[in-house]
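Examining the three-dimensional arrangement
Letter by letter, the chains look like this.
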Amino acid sequence: LGLMLGMAQASQGAIVISVDLNPLVAGIQNSASALVGDTITADIFMNLQTAADDVAVYNYSVQFNPAVLTLTNRQEFGIGPLTELDLTNPTVGNVIQRLDATTFGATPAQGPLNTRIASLTFTATSDGIAAITPGLFEPAFDAFFNNAADDITGAIQFNGATVT
């Protein structure tokens, strides 16, 4: 039995967080396939599309379906001056929490820039439909701010992946 992985179509906007299901191929890939028992790598990319875009601190979460996928590893990557804040990244139910970074007051990550900010490894444990969806699922923590300390959370666009 096979699984088919596909990513939602990217929306147009200045700052986009996307899931890449085939990190061995350059760019954001919108489909991949795997069999039950196979390893699935989902890289999370931040795309600052214009020179006016900057991010000084961020925190987001990722939802997935634990009935279909088992999270086996997670890793975060600082971009430019951004440094990871919380190394624990707890998983509560179907949400991987506190994927984050900050500049600690240094120069922000500035666009144009498209770079990997996290890598999640899953094992396909059963057939079914599952999404790997970045977003704002921990309201007390999840937010994005630019270097002027403006809350830019509402301007962030999230694009996830679907496992079928």
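Refer to the structure above for everything that follows.
Report follows, based on the coordinates.

This brings us to the overall build of the protein chain. Per the secondary structure count, the protein chain includes zero helices and 15 strands. Looking at the protein chain as a whole, 44% of its 164 residues qualify as buried. When contacts within the protein chain are restricted to residue pairs at least 6 apart in sequence, those whose partners lie at least 24 apart make up 79%. By element, 55% of the accessible surface of the protein chain is carried by carbon and sulfur atoms, the whole surface being about 7400 Å².

Glancing now at the packing of aromatic side chains. Taken as a whole and assessed by the stated rule, the structure comprises four aromatic pairs. Where F64 meets F122, the ring centres are 5.3 Å apart and the plane angle is 55°; that geometry is what we call tilted. One end of the pair, F64, is in the loop between β6 (57–63) and β7 (69–76); the other, F122, is in strand β11 (residues 113–124), and 58 residues separate them in sequence. There is no split in this pair, since F64 and F122 are both buried. Members of the aromatic cluster, joined through ring pairs, are Y58, Y60, F144 and F158. The ring of F141 carries R98 above its face, with NZ or CZ at 4.0 Å from the centroid. A cation over a ring is seen here: R116 above F77, with NZ or CZ 4.0 Å from the ring centre.

Calculation criteria
Residues numbered from 1 in each chain as written. Predicted model: local features only at pLDDT ≥ 70, side-chain atom pairs only at ≥ 80, totals over all residues. Heavy atoms only, no water. Helix = DSSP H or I, 4+ residues; strand = E, 2+ residues; numbered from the N terminus. Buried < 20%, exposed > 50% of the residue type's maximum accessible area, 1.4 Å probe, protein only. Contact = heavy atoms within 4.5 Å. Areas by Shrake-Rupley, 256 points an atom, 1.4 Å probe, with all protein chains shown as cover. Phe/Tyr/Trp six-rings, centres within 6.5 Å; stacked < 30°, edge-to-face > 60°. Lys NZ or Arg CZ within 6 Å of the ring centre and 35° of its normal.

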